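Each chain, letter by letter, is given below.
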Amino acid sequence: MLALTEAAIRRSMVNCSRSEAAALTPPRDLAELDWDALEVLGWRDPKAELRGYLVHEQADGVVGVALRAADTRMSSRRSAMCLLCHEVQPAAAVSLFTARRVGEAGRNGNTVGTYICADLECAHRAREVPPTARHLAEELQAVAVAERVEGLRQRLRAFTADVLRR
Ligand SMILES: [Zn+2]
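Residues numbered from 1 in each chain as written. Predicted model: local features only at pLDDT ≥ 70, side-chain atom pairs only at ≥ 80, totals over all residues. Heavy atoms only, no water.

Another point: the overall build of the protein. On a plain count of helices and strands, the protein comes out with 5 helices and 7 strands. Its C-alpha atoms give the protein a radius of gyration of 16 Å, near enough to 15 Å, the size a compact globule of 166 residues would have. Projected onto its principal axes, the C-alpha positions of the protein cover 50 × 35 × 30 Å. Out of the 166 residues in the protein, the part that is buried amounts to 43%. Considering only contacts within the protein whose residues lie at least 6 apart along the sequence, 52% involve residues at least 24 apart. Summed over its atoms, the accessible surface of the protein is roughly 9600 Å², and 49% of this surface lies on carbon and sulfur atoms. (Helix = DSSP H or I, 4+ residues; strand = E, 2+ residues; numbered from the N terminus. Rg over C-alpha atoms; globule rule 2.2 N^0.38 Å. Buried < 20%, exposed > 50% of the residue type's maximum accessible area, 1.4 Å probe, protein only. Contact = heavy atoms within 4.5 Å. Areas by Shrake-Rupley, 256 points an atom, 1.4 Å probe, with all protein chains shown as cover.)

Let us look at helix H5 (residues 138–164). The end-to-end C-alpha distance of H5 is 39 Å, a good match for the 39 Å that 27 residues give at a rise of 1.5 Å each. If you check which residues of H5 are buried, you get Gln141, Ala144, Val145, Arg148, Val149, Gly151, Leu152, Leu156, Phe159, Thr160 and Val163. Contact partners of the buried residues in H5: strand E2 (51–58), strand E3 (61–69), strand E6 (94–100), strand E7 (111–117) and helix H4 (122–126). (Expected span 1.5 Å × (residues − 1).)

Our next topic: the environment of Cys82. Considering the arrangement of structural elements, one finds Cys82 in the loop between strand E4 (79–81) and strand E5 (88–90). C-alpha of Cys82 to C-alpha of Cys117: the two residues are 35 residues apart in sequence and 5.4 Å apart in space. With residues near it in sequence (within four places) discarded, Cys82 still touches Glu87, Gln89, Val94, Tyr115, Ile116, Cys117 and Cys122.

This part covers the packing of aromatic side chains. Evaluated as defined, the whole model comprises 1 aromatic pair. Geometrically, the ring pair formed by Trp43 and Tyr53 is tilted, given 5.0 Å between the ring centres and 35° between the ring planes. Linking Trp43 in strand E1 (residues 41–44) with Tyr53 in strand E2, this pair joins segments that are 10 residues apart in sequence. With a relative accessible area of 7%, Trp43 lands in the buried category. (Phe/Tyr/Trp six-rings, centres within 6.5 Å; stacked < 30°, edge-to-face > 60°.)

A few words now on the environment of Ala80. Its place among the elements puts Ala80 in strand E4. Separated by 50 residues in sequence, Ala80 and Leu30 place their C-alpha atoms 30 Å apart.

Distances from the zinc ion to its protein donors, Cys82 (SG), Cys85 (SG), Cys117 (SG) and Cys122 (SG), fall at 2.3 Å. Between the donor residues of the zinc ion, the gaps in sequence give the motif C-x2-C-x31-C-x4-C. Of this pair, Cys85 sits in the loop between E4 and E5 while Cys122 sits in helix H4; the two residues are 37 residues apart in sequence, bridging distant segments of the chain. Overall, Cys85 belongs to the buried group, its relative accessible area being 0%. (Donors = N, O, S within 2.8 Å, 3.2 Å for Na, K, Ca; no water.)

Turning our eyes to something else, we now look at the sheet that holds E2. Spatially, 5 strands are ordered E1-E2-E3-E6-E7 in an open sheet, and the strand pairing comes out antiparallel. In this open sheet, the two edge strands, each paired with only one partner strand, are E1 and E7. For this sheet, the mean inter-axis angle between neighbouring strands, taken without regard to orientation, is 30°. Judged from the 7 bridges that link them, E6 and E7 form a sheet pairing that is antiparallel. Residue pairing for E7: Thr98 is matched across the bridge by Gly113. (Pairing = 2+ DSSP bridges. Axes fitted to C-alpha atoms, helices over the stretch in contact; angles between N-to-C directions.)

On to the pairing of E3, then. Pairing analysis gives 8 bridges linking E2 to E3, with the strands arranged antiparallel. Looking at E3, one finds that Arg51 is bridged to Arg68. The antiparallel hairpin formed by E2 and E3 contains 2 residues in its connecting segment. Direction of pairing for E3 relative to E6: antiparallel, over a ladder of 2 bridges. Across the sheet, residue Arg68 finds its bridge partner in E6, namely Thr98.

In structure tokens form, the structure reads like this:
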């Protein structure tokens, strides 16, 4: 994605009020991020424990979604899969997040929920060679990564479309 400024990130938020967008804490070192390698910018708000954000580019502009993590954690003895990047990991590293729908639905308390990496760093995980492809030749590993990245992009689009549905 193209590099974003703090102001652009605040402006992109579709499902929170202007004051909530103004109060969010953007990621540090925005200027140093490797934006080309990011399908989505995801981070937890260091000043608001349960809040997190996903910002990504769509055909008609940048869309930012504010999320709230469930305050319960799953057992680390089990595994769970992030439903965005499809990484399987200890369940404690995956969290249930809810996003308020836009417009009237959101004002009526309507939310969309899904399981996502607790740190919201799906973009980095999607760029790693999946375990099932590690024994393959380099070209095939690259194909596996490209498929993973495309999968993340599609699931992210579907999630955002759900949040934007009125
Ligand atoms: Zn993930």
